[in-house]
Amino acid sequence: MAIVSATALMIGTVGLSPSAAVGNFQDEAAESAASILASSVGGNDLVGVAATSAGLKSSPGANNDALNVDVLGDQVVQFGDVSIPLNDVIDFGAMGALGSSSEAGSATATRSVSGLLAEGGSVKLSGDDASFGAATINLLSLSESAGVEGLTDLAIDQLELKLGAFGSEVVVEDGKILDPDGVGGPGQYRVGQADLLLRSPLVGDAANGIYGAAGAVDTTVEDLVNKNLDVDALTGLVSGVPGVPTPTVTVDSNMQDTLFQRVLNQPITSHNKVVTIDFSTGELQIHLDQVVGKGGLNAQEPNAELISSEIYPLIAESIHDIMHDITNLLVGAIEDSLNAVTITVQFADDKGLVGGNLDVTWTFTLADIASGDLGEVTDNSSGLIGGTAGTALATAIQTLGSTVGPVLAPVYELIISDAGDHIFELVINDIKFGITSSIVNMLSPLFEVLNGFVSLQVNHQEIGTCENSAGEDVTNSLDLSALSLGLARSADGGRLNLGNSSTRFTPVGCSS
């Protein structure tokens, strides 16, 4: 279980707006607020980034503000007595132009929105996800600064959240909070990306293991050819040449690099789209939008948790699937790599001091067998007898034509047959099992620690009520965040909220 030394989180106030949620106009009948990023402790909202607010009397709006990442460098996130720069926690990267807008038109009508800046400085919730880009939250840095026990001891050198296309909108009309999308409670929110990215030397070691598996395929191919090539039948093809000796056959398979590059060629995603592994970089991505189930990220009930130990079995299953796909990749690539399997047949015989030497080498690949190509014949024979025999033998081989097919085809057909595939699968699976176990076993303690340290919620909501003249509790406020990252989950150690909109209004029958 993760232990966090801090019990509070706050952001320094230099260059930031005073409050990112309602509460700036407490004496007025209605107010709204919005921000791209905000912090809170124990339910009390502190300061925000690209934050706006509106009060019915004092500043009804619409009031707009845009994200300026240049001001973030002077800010700090405070964990108890430990302070770290905000830029070490979150990186807005190449995100598009973001901002917020707030307005309070009447006691029963408000609007607040955070998201993509539109023409004229207005803000809209929806937009092109590519324009949004993604923000990065460095969980490893947070854990180190917060004194989390267990996380930094794991074989992980990078742990980040990639969060993109986030925003929210809260609109009040006639004293009611609208629910325009009909899902996830009042208001609406948008999250286009939520990925947990980690880099581990164990994933890099897995690549070494896969390379070894590809090498094991080479060894198996060589064994299969050596055992199944009928040398006597091959010699019989040139029996018309007098004195042909039994040849020496050498099989050399060099598929390893070709097979391995097929795995490294691009990241591999599991069939359920939950996990992507890039063995060329050692990166593993967990796509949290695929974990939440029906409806995806943008149809979740309020305060839905994205990270928990409960999703670990699904992730483990996804990694098993990826490793199964790697087996299929390697086996499937064998047929495309048969030109890397060279068979050398050498006919050699010492004819004595006067007769010279017979030395004819016939070289072809498994791909040559498939195409009907006879490969290359090299005659290095010498002497009267040897030279004459060598010329005759080389000529005989070069004129074999289709007669060589029936002798060599069984070897080729075995390699590409289902039986051959099964042999290769068994060889790869012996190595694959250890690779899969090492990655899966690395993730198990990670999620145990994360489950105690991090609460990542989508559609984070806090709803307030007032009592009307009929004695009924009716909704009069809503704080909505597209994403909310909580630290020290068990101690409510503060939250970073992204894509925020909030309102407080006065329904009919409630006092202002």
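Conventions used here
Residues numbered from 1 in each chain as written. Predicted model: local features only at pLDDT ≥ 70, side-chain atom pairs only at ≥ 80, totals over all residues. Heavy atoms only, no water. Helix = DSSP H or I, 4+ residues; strand = E, 2+ residues; numbered from the N terminus. Buried < 20%, exposed > 50% of the residue type's maximum accessible area, 1.4 Å probe, protein only. Contact = heavy atoms within 4.5 Å. Axes fitted to C-alpha atoms, helices over the stretch in contact; angles between N-to-C directions. Left-handed = near helix turned anticlockwise from the far one by under 90°. Nonpolar A, V, L, I, M, F, W, Y, C, P; charged D, E, K, R; others polar. Phe/Tyr/Trp six-rings, centres within 6.5 Å; stacked < 30°, edge-to-face > 60°. Polar contact = N/O pair within 3.5 Å; in protein donor to acceptor, adjacent residues only side chain to side chain. Pairing = 2+ DSSP bridges.

Tracing the backbone through its elements, the reader meets Ser32 in strand 2 (residues 31–41). Exposure remark for Ser32: the relative accessible area of 0% places this residue in the buried category. Every residue in contact with Ser32, bar those within four places of it in the chain, is listed here: Val22, Thr52, Ser53, Ala54, Ser102, Glu103, Ala104, Thr110, Arg111, Ser112, Ser502 and Thr503.

Okay, the packing of helix 4 (residues 201–228) against helix 11 (residues 405–416) next. The contact between helix 4 and helix 11 brings their axes to 10 Å, and the two run at 145°. As for how helix 4 packs across helix 11, the hand of that crossing is right-handed. Contacts between helix 4 and helix 11 pair Val221, Leu224, Val225 and Asn228 from the former with Val411, Leu414 and Ile415 from the latter. Looking at the contact of helix 4 with helix 11 residue by residue, the class counts come to six nonpolar, one polar and no charged.

This next bit is on the packing of aromatic side chains. A complete count under the given rule lists two aromatic pairs for this structure. Judged by centre distance (5.0 Å) and plane angle (55°), the ring pair of Trp362 and Phe364 falls under tilted. When sorted by exposure, Trp362 lands in the same class as Phe364, which is buried.

To continue, consider the side chain of Ser100. One can find Ser100 in strand 9 (residues 98–106). According to the relative accessible area criterion, Ser100 is buried, its value standing at 0%. There is a polar contact of 3.4 Å between the side chain of Ser100 and the backbone oxygen of Ala34.

Right, let's get into the sheet that holds strand 23 (residues 341–350). Pairing is antiparallel in the open sheet, where four strands are placed in the order 18-23-24-25. One side of each edge strand has no neighbouring strand; the edge strands of this open sheet are strand 18 (248–253) and strand 25 (376–379). Direction aside, neighbouring strands of the sheet carry axes that sit 15° apart on average.

Turning our attention to unusual backbone geometry. Comment: phi is negative for the bulk of residues other than glycine, and the bulk of peptide bonds are trans. The omega torsion of the bond from Gly61 to Ala62 falls at 15°, within 30 degrees of zero and hence cis. By secondary structure assignment, the location of Ala62 is in the loop between strand 4 (52–55) and strand 5 (63–66). At Asp174, a residue that is not glycine, the phi angle is positive and equals roughly 50°. Examined against the element boundaries, Asp174 turns out to sit in the loop between strand 14 (167–173) and strand 15 (176–177).

Now for the pairing of strand 21 (residues 283–287). Most of strand 21 is tucked away, with four of its five residues classed as buried. Of the pairings in the sheet, the one linking strand 17 (residues 193–199) to strand 21 comprises five bridges and is antiparallel in character. Its bridge partner being in strand 21, Leu196 is matched across the sheet by Ile286. Where strand 20 (residues 275–278) lies against strand 21, four bridges are found, and the strand directions are antiparallel. What sits directly across from Asp278, in strand 21, is Glu283. Linking strand 20 back to strand 21 in an antiparallel pair, the connection comprises four residues, with Gly282 at a positive phi of about 80°.

Geometric values such as these leave the question of function open.
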